[in-house]
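# Breakdown of the fold
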Amino acid sequence: MKVAEAVGRALYAAGVGQVFGVVGSGNFHLTNAMVAAGSRFVAARHEGGAATMADAYARMSGTVAALSVHQGPGLTNAMTGIAEAAKSRTPLLVLAAEVTEPRSNFHVDQEALARSVGAVSARVTSAEDAVTEALDAVRRAVCERRTVLLNLPLGVQALDVPDALAGESALAVVPPERAPVEPEFADVEALARVLEKSRRPVFVAGRGARSPGARDALVTLAERHGALLATSAVARGLFHGDPWSLDVSGGFASPLAAELIQEADLIVGWGCALNMWTMRHGRLIGPDTTVVQVDDDASALGAHREVHLGVTGDVELTARRALQTHDANRQAQQGEQAQQGHRAQQRQQSRQGSRTADIGASIAARVRWRDVSYDDTSTRERIDPRTLSIALDDILPAERVIGVDSGNFMGYPSMYLSVPDENGLCFTQAFQSIGLGLATALGAALARPDRLPVAALGDGGAMMGAAEFDTVRRLGLPMVVVVYNDDAYGAEVHHFGPDGHPLETVEFPPTDIAAVARGYGFEAVTVHTRADLKAVEDWLAGPRSAPLLIDAKVVADRGAWWLEEAFRGH
């Protein structure tokens, strides 16, 4: 058995069941070995798309996914998607063939490429150690939540694995899951004291809180202390349906959400970086607000701003420990009152905080962007992106999974389209590259086949990623692709235009993206007004045998509300 086959079989046995990629000579045998062992392979049309599909699949499935690429250009083509995954700490295994001869036209320093974007590099070095080294790469991806590049030199791939080791490749030990980090008792006590002193707390949950267990623990702890609930963009939907949810904190926050967060006397970031996006460059933090951060990675504490208390621990465990400490302290204080019944005890233990009737009514009426009044700037030729997004929110099924590209438009689908839970929005924006949205939605769709996949793109990102229209159609996905088409790189238009700079480099002649999509086998509709969306309703009522693209001609006379925040510090 060759090393390529042994490694492929071992990776599948270790739990790598989903592979994306573009196959060339260098990764042909390895990829086929994984498929023969049982892995599902999705062939993308470009390695950049394959990388983002794998990233999105891993995020939405909660499993490690693999990306398989050819040596040299196969890897360089994938680097933007790999950078996004690495910056997001996605558990992803990149399998790259490698040439070691410097005179080869395929030779690049692949290890240096990985380091340059924050990924971890590893290498298969011999026939005897190939399986062990491959499994170590999987283990590191899973247990350290890292994107790991496993280089597979062509010469090593072709070696024969010793007969005594060949059978072990199919019996690989599945790497353990990342063990939850138990918080220190003293840190939990300190957190409990800070929570007890607070009168207007706000919890902001991020990527590290994206689980049902963490959500339930945070909701219960927030109830005890009267805390309002918010999320970062990547965790949007975590508190969907909770009457005290402010939705997203940061540049996407609605006016009411921003106001209530600014009024907090305590902000606790739960698995959340509290970075410039989530805190609007610190402007959401009041001058006297206490800031606490809980993260299972100690290096994340205080990385973006000074915190008054940093707790190293798993979000769910830390929240439950804080809840136990709170209840124990209250029981000790109340003594005999605790014997009057568990339900009465919980009522006594819960504090009102910001959960007043007036605030509750305001949240119900005004916290969603779609409930904020606006002047509709739609014309007969172009539709206001807010009007478009609200209409789509009403038309599309509630059970959806959305992938969003980057650009001036991105706040509209991200905030106006509701999501059912934390697995409803796949937000690949750590690197802020346009062109990833379609592949994001594709990977998310494969991870969540129970939901309608929706790709929200700008016209620039749609044209960059158009090759993957073929992948959507080939896989038979009933996807809705919405293109917010302003015939420009809108972010640059609205950032530089007001200062009188020439814009010819960022504006384009009108493009019939609907026609492009039809060429790939999509059904397509061009939308100028709200009435044109009747075609979307008809598609939803039909067999959905082909994906649907909506080429929405949106008004281009204003920048999105979050754009000023996006360009601060750039």
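Here, the structure is the one placed above.
These notes cover the structure that comes with them. (Residues numbered from 1 in each chain as written. Predicted model: local features only at pLDDT ≥ 70, side-chain atom pairs only at ≥ 80, totals over all residues. Heavy atoms only, no water.)

Across four bridges, strand S1 (residues 18-21) lies against strand S2 (residues 40-43) in parallel orientation. Paired with Val-19 across the strands is Phe-41, a residue of S2. Handedness of the crossover is the feature at issue here: the chain leaves S1, passes through helix H2 (residues 28-37), returns alongside S2, and the resulting connection is right-handed. (Pairing = 2+ DSSP bridges. Helix = DSSP H or I, 4+ residues; strand = E, 2+ residues; numbered from the N terminus. Right-handed = clockwise from strand over helix to strand, strands pointing away.)

Counting residues in each nonpolar core, the largest one holds 54 residues, and the members touching the most others are Leu-67, Ile-82, Met-479, Val-481 and Leu-549. If near-sequence neighbours (up to four positions away) are discounted, Leu-67 is found in contact with Phe-20, Gly-21, Glu-47, Ala-50, Ala-51, Ala-54, Ala-78, Ile-82, Leu-93, Val-94 and Leu-95. Leu-396, Val-454, Val-527 and Leu-533 belong to the second-largest nonpolar core, a separate cluster that totals 43 residues. (Core = buried A, V, L, I, M, F, W, Y, C linked by side-chain atoms within 4.5 Å. Buried < 20%, exposed > 50% of the residue type's maximum accessible area, 1.4 Å probe, protein only. Contact = heavy atoms within 4.5 Å.)

With that settled, the discussion passes to the packing of aromatic side chains. Under the definition given, this model contains nine aromatic pairs. Consider the rings of Phe-252 and Phe-427, whose centres lie 5.9 Å apart with planes at 85 degrees: the pair is edge-to-face. Remark: Phe-427 occurs in the loop between strand S14 (425-426) and helix H18 (437-447) and Phe-252 occurs in the loop between strand S9 (245-248) and helix H12 (255-262); sequence separation between them is 175 residues. The same class applies to Phe-252 and to Phe-427, which are both buried. Measuring from ring centre to ring centre gives 6.1 Å for Tyr-412 and Tyr-416, while their planes differ by 40 degrees; the resulting arrangement is tilted. Taken together, the positions of Tyr-412 and Tyr-416, both in helix H17 (residues 411-416) and four residues apart, correspond to about one turn of that helix. Pair check on accessibility: Tyr-412 and Tyr-416 agree, each one buried. Among the aromatic residues, ring-to-ring pairing joins Trp-369, Tyr-412 and Tyr-416 into one connected group. (Phe/Tyr/Trp six-rings, centres within 6.5 Å; stacked < 30°, edge-to-face > 60°.)

Bringing the environment of Glu-144 into the picture now. Within the element layout of this structure, Glu-144 appears in the loop between helix H7 (130-143) and strand S6 (147-153). Taking relative accessible area as the criterion, Glu-144 reaches 32% and is therefore assigned partly exposed. Contact partners of Glu-144, with chain neighbours within four places excluded, come to Arg-89, Arg-139 and Arg-178. Side chain to side chain, Glu-144 and Arg-140 meet in a polar contact 2.9 Å long. (Polar contact = N/O pair within 3.5 Å; in protein donor to acceptor, adjacent residues only side chain to side chain.)

Moving on to the pattern of salt bridges. For the structure on display, the rule yields 31 salt bridges. Asp-470 is the partner of Arg-45 in a salt bridge, and the nearest nitrogen-oxygen pair spans 2.7 Å. With a gap of 425 residues between them, Arg-45 in the loop between S2 and helix H3 (47-61) and Asp-470 in helix H20 (residues 469-475) connect regions that are remote in the sequence. Arg-370 is the salt-bridge partner of Asp-394, the closest N and O atoms lying 2.9 Å from each other. Here Arg-370 lies in the loop between helix H15 (357-366) and helix H16 (385-395) and Asp-394 lies in helix H16, a separation of 24 residues in the sequence. Of the residues examined, Arg-370 reaches a relative accessible area of 22% and is grouped as partly exposed. Overlapping salt bridges bring together Glu-98, Glu-111, Arg-115 and Arg-123 as one network. (Salt bridge = Lys/Arg side-chain N within 4 Å of Asp/Glu carboxyl O.)

Attention now goes to the packing of H3 against helix H5 (residues 79-87). As a packed pair, H3 and H5 sit with axes 7 Å apart at the nearest point and diverge in direction by 25 degrees. Comparing the axis directions of H3 and H5 gives the class roughly parallel. The segment H3 lies against H5, with Ala-51, Thr-52, Asp-55 and Arg-59 engaging Gly-81, Ile-82, Glu-84 and Ala-85. The residue makeup of the contact of H3 with H5, split by class, is three nonpolar, two polar and three charged. (Axes fitted to C-alpha atoms, helices over the stretch in contact; angles between N-to-C directions. Parallel < 35°, antiparallel > 145°, perpendicular 65-115°, else oblique. Nonpolar A, V, L, I, M, F, W, Y, C, P; charged D, E, K, R; others polar.)

Another point: the side chain of Asp-247. Looking at where Asp-247 falls in the secondary structure, it is placed in strand S9. Those residues in contact with Asp-247 that sit more than four places away from it in its chain are Leu-229, Ala-230, Thr-231, Arg-236 and Met-415.

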